[in-house]
Amino acid sequence: MAGSSKKKSPLRRPSTGGARVNRGAAGPRYGVISLVAQLIDLLNLFDGPADAVISRFFKDHPELGGRDRPVVAEAAYCWLRYRYRINHLAQSGEGGPTVMRQAKLALLWSGAPEAIWSAGRSEDNEWLSRVIHVPVDNLSQEPKTCLPAWLYEQITTEFGPDRALSFAQAVLSAAPLDLRVNTLKASTQEVVAGLAAQGIEVLPIAGLEDGLRAVGKPVVGRTEMFQEGLFEVQDAGSQWVSKLVAPRRGDLVIDFCAGAGGKTLAVAAAMKNTGRVVALDTSERRLQKFRPRAARSGMSNFYTMVINDEADPRLNKYFSKADRVVVDVPCSGMGTLRRNPDLKFRQGPQGVAELVEKQKSILHHACQLVKPDGRLVYITCSVLKQENEEIVEWFLANNPEFRLRRWTEVLNPADRPASADQTADTFRLWPEDGESDGFFAAVLQRSKS
Ligand SMILES: C[S@@+](CC[C@H](N)C(=O)[O-])C[C@H]1O[C@@H](n2cnc3c(N)ncnc32)[C@H](O)[C@@H]1O
């Protein structure tokens, strides 16, 4: 740290906000600790995405009021982020259910008011006073880094121990809320002013003319401006990889894995409603979510198709036709752990190996849609080389009609994230370097003939 001779541990413990632990007795808000404990028990089953488990839990507990819901949700996410450390420390307490101590620590570390986390057994509060001072560096790998051994080892092997530690620290925080101004409907200035009028402060994002970062976590989805499609919620990293598609007006763009259309919408806005965008996905449910977003955004140049798989024969009509093919493949999502901390427990080496095979197969089929001199943009929100650089190497070795175009040839200096390596051929973002999700992209250009 500049001006400081003392090096801070990269895995420092979370702030307790200067709070001291009281010897509080069971109080009226003890129920919140108990509810967090119940939610932890449910999350511990890892039988679905955490956000779905949390919303179901809130539906099942209508007694939880608007004041306590965000507290419970934050504590649940904190537990997921720090699960290895919290569970390790919780074992050292005595008496009472261990999960109640897990819930208390999650509430404390997620910044809940003291009146909430200090309620309950005084023995647990004594335990809390002790464990918040345990030096993190003395812990073994999983409680220290809060990453599963396989992931920590893989990042260490692929990028070295410093990167593994800085990544581990970065994904212990919540992600910021980023917006993309929909230039089909509004200018950045209009959106900034409109949000300010509603008390929502946003800041510019360097290198993203249409990108804004919210101060704090305002609820933007209920604003009239959002409902009228003047902006979308989209992580800055996702906005940059969309820019790498760089479509021209009038192009035919095929988004092979369009999902709910985060990148499709950004690409379409860049095309100013000219040309055609074909949004494909194997999931009807995800494409269903894309349609209302497209309608809200004013996008009118699209067509959606649910495909059986990447080899669906209905794609033959697009062979060698597309100017741009976007391939935002299903991936491990290890770049999005700040948003989806449960993924680190739901994913493993076997799952990643299966995804790699799927990524190769999708790429193999999607590249056939690119016309001569057209481009394919391969995208993941993973940080693992296995899903990124290694896939690109495999693809280039097997498809000599494609060459890698340096990402800096596509984005002007003013449109680049400072945190991406400007000398690399492929595009890569780490959460710890620029406060976006981790993303990877490669621009693959097909030869003219
Ligand atoms: C990373 S997500 C896409 C996210 C989306 N592009 C966005 O920006 O919001 C990957 C998508 O690939 C889809 N998918 C999985 N297998 C596929 C396949 N064989 N062909 C096309 N899409 C597939 C999934 O349903 C999922 O929606």
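Treat the numbers as computed from the prediction; the structure is a model and nothing was measured.

*Asks:* How would you summarise empty space enclosed by the protein if you had to cite specific residues and measurements?
*Replies:* Overall, the coordinates contain one cavity of 30 Å³ or more when judged by the stated rule. Of the voids in this model, the largest cavity is the one considered here, and its volume is about 30 Å³. Lining the largest cavity are Arg 180, Asn 182, Leu 184, Leu 265, Ala 268, Ala 269, Ser 297 and Met 299. Here the lining of the largest cavity gets three residues from one element, more than from any other, and that element is helix H14 (residues 262-271).

*Asks:* Can you tell me about the UniProt feature "binding site: S-adenosyl-L-methionine" (unreviewed entry) in the protein chain, naming the residues and giving the values?
*Replies:* In the UniProt entry, the feature "binding site: S-adenosyl-L-methionine" (unreviewed entry) is given for Asp 281, Asp 309 and Asp 328. Structurally, Asp 281 is set in strand S6 (residues 276-281). Overall, Asp 281 belongs to the buried group, its relative accessible area being 8%. Excluding anything up to four places from it in sequence, Asp 281 contacts Phe 256, Cys 257, Ala 258, Gly 259, Leu 287, Met 305, Val 306 and Ile 307. One polar contact links the side chain of Asp 281 to the main-chain amide nitrogen of Ser 283, over a distance of 2.8 Å. The residue Asp 309 is located in the loop between strand S7 (302-306) and strand S8 (322-328) in this model. With a relative accessible area of 34%, Asp 309 lands in the partly exposed category. There is a polar contact of 2.9 Å between the side chain of Asp 309 and the backbone nitrogen of Ala 311.

*Asks:* Residue-level account of the layout of surface pockets, with values.
*Replies:* Over the atoms rolls a probe the size of a water molecule, and in doing so it shows where empty space is left. Quantified by volume, the second largest pocket comes out at close to 470 Å³. Those elements that provide at least two residues to the lining of the second largest pocket are strand S1 (178-181), strand S3 (208-214), helix H13 (236-243) and H14. Mapping the lining of the second largest pocket onto the domain boundaries places at least three of its residues in each of domain 2 (178-233) and domain 3 (236-446).

*Asks:* Any chance you could break down helix H15 (residues 284-297) for me, citing the residues and the numbers?
*Replies:* In a regular helix each residue adds 1.5 Å, so 14 residues correspond to 20 Å; H15 covers 20 Å between its end C-alpha atoms and thus fits that length. Those residues of H15 that fall on the buried side of the exposure criterion are Leu 287, Phe 290, Arg 293, Ala 294 and Ser 297. Seen from one end, H15 has its buried residues packed into an arc of 115°, which puts them on one side. The outward face of H15, more than 90 degrees from its buried face, is lined by the exposed residues Arg 285 and Ala 295. Downstream of H15 by one or two residues, Gly 298 has phi in the positive range, about 85°.

Reading the values: rules and limits
Residues numbered from 1 in each chain as written. Predicted model: local features only at pLDDT ≥ 70, side-chain atom pairs only at ≥ 80, totals over all residues. Heavy atoms only, no water. 1 Å grid on protein atoms, 1.4 Å probe; cavity = no way out; pocket = protein on both sides within 12 Å on 5 of 7 lines; lining within 4 Å. Points joined across faces, edges and corners; volume = space filled by probe spheres on them. Helix = DSSP H or I, 4+ residues; strand = E, 2+ residues; numbered from the N terminus. UniProt positions renumbered as here; feature names shortened; annotations may be inferred. Buried < 20%, exposed > 50% of the residue type's maximum accessible area, 1.4 Å probe, protein only. Contact = heavy atoms within 4.5 Å. Polar contact = N/O pair within 3.5 Å; in protein donor to acceptor, adjacent residues only side chain to side chain. Domains from an automatic or database assignment. Expected span 1.5 Å × (residues − 1). Arc of directions from axis to C-beta.

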